[in-house]
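Working through the structure, step by step
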Amino acid sequence: MKRERAEESEVRGECSNTGKGKKMCEEEEREDKLLAGVGYKVCSSDMADVAQKLQQLEMVMGEDGIPRLPTDTVHYDPTDLYGWVQNILTEINNNNDNAPNHNATTNALVPSPIIADSDNHLGAIPLPYVEAYPQAENQIENQNHYKRFKSSSSFSSSSPLSSAVSSISSENALPVVLVEETGVHLVHALMACAEAVQLGNASLAGALVKHAGALAASQGGSMGKVASFFAQALARKIYGFYPHETLDSPYSDTLHMHFYESSPYLKFAHFTANHAILEAVAAAETVHVIDFGLKQGLQWPALMQALAVRPGGPPAFRLTGIGPPRLDDADSDALSEVGSKLAELARTIKVRFEFRGLVCNSLADLDPSVLEIRPGESVAVNAVFELHRLLARPGAIEKVLAIIKRIKPEIVTVVEQEANHNGPVFLDRFTEALYYYSSLFDSLEGSSAAASEEALAMSEMYLGRQICNVVACEEEERVERHETLGQWRVRLGSAGLEPVRLGSNAFRQAKMLLGLFGEGDGYRVEENNGCLMLGWHTRPLVATSAWRLAPAEFTRWVRVRNMP
Amino acid sequence: MWHEQRGEEEKRRGRFFINDNVDILREILKRLDGPSLGVAACVCRLWCSLTRSDDSLWEHLCFRHVSSPPPASVRAVVVALGGYKRLYMVCVRPVLSRLGHSERVRKRVWTRHEVQLSLSLFCIDSYERLASGRLAGADASASSLMFLCNTVNV
């Protein structure tokens, strides 16, 4: 429609230039004589329109007065003021990649076209928020961030929340915003609140979080649920009520179990990691797996079964499971229970099995000698959603990577969330997390093979805890410091590990596993430079990668070992 | 009179009754597909006991369409984990029906990946049964293979 209007005005512009057009214009409406005297040709009836558009253009131009136009601008005839202003505005609105912030502020600043009678409209958000919208210092970060938003959002149209979030950053409409979609408004409210929190404006944040919470409660579906988790987390942050959920409990186990049941993410992680381990220890007589987060031990039955049917007979299988200390039980009880269950299974399928449970608060506290690596065994290190926790303490990840290198494993399997929730700026983290968890919640609800209502609710609680940690906690308490595959690649690469390609067999098996969850669903398995990623529609959510010691490290070790 | 004639003819020929020849019956049952085997179990007591007790029937069913026969060690593992009948009911049938279109299920050739996947899922199921069996009065309905039991809009 915009284009039609632009064409219309262009035609009109042409009309006003040619003699014929001039006659037409004079016949129907008179040109404004005063402007004509200065050289601009505007029909009198268009005057009000032009004035409004000039006002909008002024707002869009920004403080420095330079419109953010792309370099290949078409220069329109400025004498036809109506058409010229129209075209420039259209261009600026189409050019969202370069000026998302300003679009957003422009949208917020226009009060009148918004539905005035409803309580829930942007006008209700007091101006200080809008003016305090991040300017120069966060400009670049935000732009890059919104660029990512836009590029991924242009494809994903499945989930209401992610499309709502994306519509903020890529609004192609004219600056007049009709906030009809409550989803968009809900996201606006959450972001406004997060921003107020970032600026330290406690009273404003408090008001906004109540507003957001009310909206979330009235909104149904996955959008409402994820929004209410975020609103809750924001409330905790504002009022300083930090949850102390650092220690595990049987409740966490139940939540984890239900998450395992109702979605493919953990299964995908386990299957792909097992595949990498199997390939790496194919010829070994003794396999020793060190699991950095044992939980219920659900990964290991499948590995043991695969080892049992290996041609040539099963190797001896040693498992060292590491877990956190517990609130109620005696520390080692939970781990040894899992160990004995696995031992019974191993006995049934006739695999020689040995289990050891290690309790420690943080992986960085581990002493390699405690692991009791025996000569001649092939060691595999497995870290499923565990490494990111180490980023909370400075120096911890380096320590653990050094421990890993000392053990000299055949393979290190790492599964992590594919998101950057560890940036320095709170608002960026918040926005990333909002987008990430909304995709995750959409996938839980949207999957046709969804488990029972109970399992779904528990899985959502499980994720809700993570959300709370990302948003409300700080310093050492914030353990959910997710980083993207690219970031982990850099980190592990600089620590002396080299990537091992996961291979097409793993890819095929993962695809098959996802096929079991419903063919028409939105889950996608992608291969990314030797690593596998599981995502919902186009958004990758979980990434599996495999690593081993880089050859340089090996020779260094040999040299050190042989030193007198 | 016609009946008498017929009876005499049959006596002369020697009457063949399938239930007297259990080994032939077994061979025939081995070649049936899943639903037919289920139907066969309802025919009479002999057939029912055969299909229930003889796990090798189900073994043939599970791996009939595999392009290359599975290694010998698989049998020991499957038997230990609960048997081929359970493997078929819990894993193979849902996997086949979801990964292949239902009309082509019978003719579909399995790859070893599908075999591996089914075995892995079967093992996880056995592990969970073990785990829940040990805790007296635990909620036995929690199972990570529930997603296979639920109907899916394929």
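Residues numbered from 1 in each chain as written. Chains lettered and ligands numbered in written order. Predicted model: local features only at pLDDT ≥ 70, side-chain atom pairs only at ≥ 80, totals over all residues. Heavy atoms only, no water.

Residues and elements named next belong to chain B. Residue-level pLDDT values for chain B average 73, and 69% of them are 70 or greater. Here helix α9 (residues 146-149) is the element of chain B with the lowest mean pLDDT, 59, and helix α2 (residues 22-30) is the one with the highest, 86. In this model, residues 102-106 is a region of pLDDT below 50 whose contacts with residues beyond four sequence positions or in other chains number five contacts. Throughout residues 135-142 the model reports pLDDT below 50, and contacts reaching past four residues in sequence, or to other chains, amount to four contacts. Scored as a whole, the predicted complex attains pTM 0.69, and scored at its interfaces, ipTM 0.75. (pLDDT = per-residue confidence, 0-100. Helix = DSSP H or I, 4+ residues; strand = E, 2+ residues; numbered from the N terminus. Contact = heavy atoms within 4.5 Å.)

Further remarks concern the pairing of strand β2 (residues 316-323) of chain A. All names here are of chain A. Taken across its eight residues, β2 has eight buried, putting it largely inside the fold. Neither face of β2 is left uncovered, since the one carrying Ala316, Arg318, Thr320 and Ile322 and the one carrying Phe317, Leu319, Gly321 and Gly323 both have all their residues buried. Here six bridges tie strand β1 (residues 286-291) to β2, and the two strands are oriented parallel to one another. Its bridge partner being in β2, Thr286 is matched across the sheet by Ala316. In the classification by handedness, the crossover that spans β1, the intervening helix α15 (residues 300-308) and the parallel β2 is right-handed. (Buried < 20%, exposed > 50% of the residue type's maximum accessible area, 1.4 Å probe, protein only. Pairing = 2+ DSSP bridges. Right-handed = clockwise from strand over helix to strand, strands pointing away.)

Before going further, it helps to examine empty space enclosed by the protein. Residue and element names in this part refer to chain A. Inspection of every chain in the model, using the stated rule, returns six cavities of 30 Å³ or more. Put simply, the second largest cavity is a space of about 100 Å³. If you trace the second largest cavity, you find it lined by Phe259, Tyr265, Phe385, Gln417, Tyr436, Leu440, Tyr462, Leu463, Gln466 and Val542. When contributions to the lining of the second largest cavity are tallied by element, the ones reaching two or more residues are α18 (426-446) and α19 (453-472). A per-element tally of the lining of the second largest cavity places α19 first, with three residues. (1 Å grid on protein atoms, 1.4 Å probe; cavity = no way out; pocket = protein on both sides within 12 Å on 5 of 7 lines; lining within 4 Å. Points joined across faces, edges and corners; volume = space filled by probe spheres on them.)

For A:Gln509, the location among the structural elements is in helix α21 (residues 503-516). Apart from residues lying up to four places away in sequence, A:Gln509 is in contact with A:Phe271, A:His275, B:His113, B:Gln116 and B:Leu117.

Let's shift gears to the side chain of A:Glu483. Residues and elements named next belong to chain A. One can find Glu483 in the loop between α19 and α20 (485-494). Here Asn422 takes part through its side chain, which lies 3.3 Å from a polar atom of the side chain of Glu483. There is a polar contact of 3.0 Å between the side chain of Glu483 and the side chain of Arg491. Excluding residues within four positions of it along the chain, Glu483 makes contact with Leu391, Gln417, Ala419, Asn420, Asn422, Trp488 and Arg491. (Polar contact = N/O pair within 3.5 Å; in protein donor to acceptor, adjacent residues only side chain to side chain.)

Residues and elements named next belong to chain A. The final tally for this structure, using the stated rule, is eleven aromatic pairs over all chains. Seen in terms of ring centroids, Phe230 and Phe430 are 5.4 Å apart; in terms of plane orientation they differ by 80°. Their pairing is edge-to-face. Of this pair, Phe230 sits in helix α12 (residues 221-239) while Phe430 sits in helix α18, and the two are 200 residues apart along the sequence. Since its relative accessible area comes to 0%, Phe230 is described here as buried. Among the aromatic residues, ring-to-ring pairing joins Phe230, Phe426, Phe430, Tyr436 and Tyr437 into one connected group. In this arrangement the basic side chain of Lys267 is found over the ring face of Tyr260, its NZ or CZ atom lying 4.8 Å from the centre. Residue placement shows Arg491 over the ring face of Trp488; its charged tip is 5.7 Å from the ring centre. (Phe/Tyr/Trp six-rings, centres within 6.5 Å; stacked < 30°, edge-to-face > 60°. Lys NZ or Arg CZ within 6 Å of the ring centre and 35° of its normal.)

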